[in-house]
Amino acid sequence: MIHETAQIHPMAVVEEGAKIGANVTVGPFTYITSNVEIGEGTEIMSHVVIKGHTTIGKDNRIFPHAVIGEENQDKKYGGEDTTVVIGDRNVIREAVQIHRGTVQDKATTVIGNDNLLCVNAHVAHDVIVGNHTHIGNNAILGGHVTVGDYAGVMALSAIHPFCTVGAYAYIGGCSAVVQDVLPYVLAQGNHASPFGLNLVGLKRNGFEKPELRALQKAYKEIYRSGKTLEEVKPILAEMAQEWASIEPMLKMLESTERGIIR
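Residues numbered from 1 in each chain as written. Predicted model: local features only at pLDDT ≥ 70, side-chain atom pairs only at ≥ 80, totals over all residues. Heavy atoms only, no water.

A. Here's a closer look at the packing of helix 3 (residues 229-240) against helix 4 (residues 247-255). Packing of helix 3 against helix 4 leaves a shortest axis separation of 9 Å and a crossing angle of 150 degrees. The angle between helix 3 and helix 4 places the two elements in the roughly antiparallel class. Helix-helix and strand crossings are classified by hand; for helix 3 and helix 4 the assignment is left-handed. Along the contact surface, helix 3 presents Leu229, Lys233, Leu236, Ala237 and Ala240, while helix 4 presents Glu247, Leu250, Leu253 and Glu254. (Axes fitted to C-alpha atoms, helices over the stretch in contact; angles between N-to-C directions. Helix = DSSP H or I, 4+ residues; strand = E, 2+ residues; numbered from the N terminus. Parallel < 35°, antiparallel > 145°, perpendicular 65-115°, else oblique. Left-handed = near helix turned anticlockwise from the far one by under 90°. Contact = heavy atoms within 4.5 Å.)

So, in structure tokens, the structure goes:
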């Protein structure tokens, strides 16, 4: 189950049954249990713990003292065979914790592709992290949280369980997020408040001026027009016919259970 090209340090422990792909490296004092699968080209450094039914994709880099697939901290958890699924090309820095899911929700915790999880970030049970996100040092994603593609959650910020951080949103450092954050929105504070759009991130990812102006207009309708959200929704629906990027904002307004930050 260990590919012939994999390099396992003699002081690492890899239990029988683990699947280790081509050109994987495993550093000393790392512990990998039997139900783990590691994709080709992944680098696992020293003192890493990977447990449970955990699948990790290709070309990831996992730094010392990361703990992936450990039992979650939910009191309802009874030892069920829940999972962690991690995609490709992620960087998981020192002491990051990624806990397995619970049967009360999706039974899995999912990390997509091309994400950066900085030192001591905590990803709790049943969290869904998209692609190209940045989770800062000591950031906390509580249970059942969703973080959309290209979003940022900066250092020392905490996302309350069951909240959603929309795609391209940016949570400034030391923030406490207790309601959903709409896509594209820049937020900070305790409790986090909106401070306009994440224009720097949007421009960096190819959004052009006409689309940015449309998103700014949508933001003003939601936050500065004085209208209720029910009054805003049909306006956004009409705008979304021309600008597809407004559709995710409308969808969150229609689906939110905790409400949005305002």
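B. Molecular detail of the sheet that holds strand 26 (residues 176-177). The nine strands are arranged 2-5-8-11-14-17-20-23-26 in an open sheet whose pairing can be described as parallel. Because the sheet does not close on itself, it has two edges, and the strands there are strand 2 (13-14) and strand 26. Inspection of the sheet shows strand 17 (residues 122-123) paired to strand 20 (residues 140-141) by two bridges, in the parallel sense. The partner of His122 across the bridge, within strand 20, is Ile140. (Pairing = 2+ DSSP bridges.)

C. Focus on the environment of Gly173. Here Gly173 shows up in the loop between strand 25 (170-171) and strand 26. Under the relative-accessibility criterion, Gly173 is labelled partly exposed at 25%. Put simply, Gly173 and Met154 are 19 residues apart on the chain and 4.7 Å apart in space, counted from C-alpha to C-alpha. The contact partners of Gly173, leaving out residues within four places of it in the chain, are Met154, Ala155, Ser157 and Gln188. (Buried < 20%, exposed > 50% of the residue type's maximum accessible area, 1.4 Å probe, protein only.)

D. Examining the sheet that holds strand 22 (residues 152-153) more closely. Sheet architecture is open: eleven strands sit in the order 1-4-7-10-13-16-19-22-25-27-28, paired in mixed fashion. Edge positions in the open sheet fall to strand 1 (7-8) and strand 28 (192-197), since each of these has one partner strand only. When strand 4 (residues 25-26) meets strand 7 (residues 43-44), the two strands line up parallel, connected through two bridges. Bridging across to strand 7, Val26 finds its partner in Ile44.

E. Layout of the packing of aromatic side chains. A complete count under the given rule lists five aromatic pairs for this structure. On the basis of an interplanar angle of 80 degrees and a centroid distance of 5.1 Å, the ring pair of Tyr168 and Phe207 is categorised as edge-to-face. Taken together, the positions of Tyr168 in the loop between strand 24 (164-165) and strand 25 and Phe207 in the loop between helix 1 (199-204) and helix 2 (209-223) put the pair 39 residues apart, joining distant regions of the chain. Judged by its relative accessible area of 16%, Tyr168 is buried. Owing to a relative accessible area of 12%, Phe207 belongs among the buried residues under this scheme. With a centroid separation of 6.0 Å and 70 degrees between ring planes, the pair formed by Tyr184 and Phe207 is classed as edge-to-face. Of this pair, Tyr184 sits in the loop between strand 26 and strand 27 (185-189) while Phe207 sits in the loop between helix 1 and helix 2, and the two are 23 residues apart along the sequence. For the pair Tyr184 and Phe207, one class covers both residues: buried. Between the NZ or CZ atom of Arg93 and the centre of the ring of Phe63, over which it lies, the distance is 3.9 Å. (Phe/Tyr/Trp six-rings, centres within 6.5 Å; stacked < 30°, edge-to-face > 60°. Lys NZ or Arg CZ within 6 Å of the ring centre and 35° of its normal.)

F. Region of interest: the packing of helix 2 against helix 3. For the pair helix 2 and helix 3, the least separation of the axes is 9 Å and the interaxial angle reads 165 degrees. When the axis of helix 2 is compared with that of helix 3, the two are roughly antiparallel. Considering how the two elements wind past one another, helix 2 and helix 3 form a crossing that is right-handed. Facing Ala214, Lys217, Ala218, Glu221 and Ile222 of helix 2, the residues of helix 3 in contact are Leu229, Val232, Ile235, Leu236 and Met239. Per-class residue counts for the contact of helix 2 with helix 3 are eight nonpolar, no polar and two charged. (Nonpolar A, V, L, I, M, F, W, Y, C, P; charged D, E, K, R; others polar.)

G. Spotlight on helix 2. Between its first and last C-alpha atoms helix 2 spans 21 Å; for 15 residues at 1.5 Å apiece the expected length is 21 Å, and the two agree. Buried residues of helix 2: Leu212, Ala214, Leu215, Ala218, Tyr219, Glu221, Ile222 and Tyr223, and no others. Its buried side turned inward, helix 2 meets strand 27, strand 28, helix 1, helix 3 and helix 4. (Expected span 1.5 Å × (residues − 1).)

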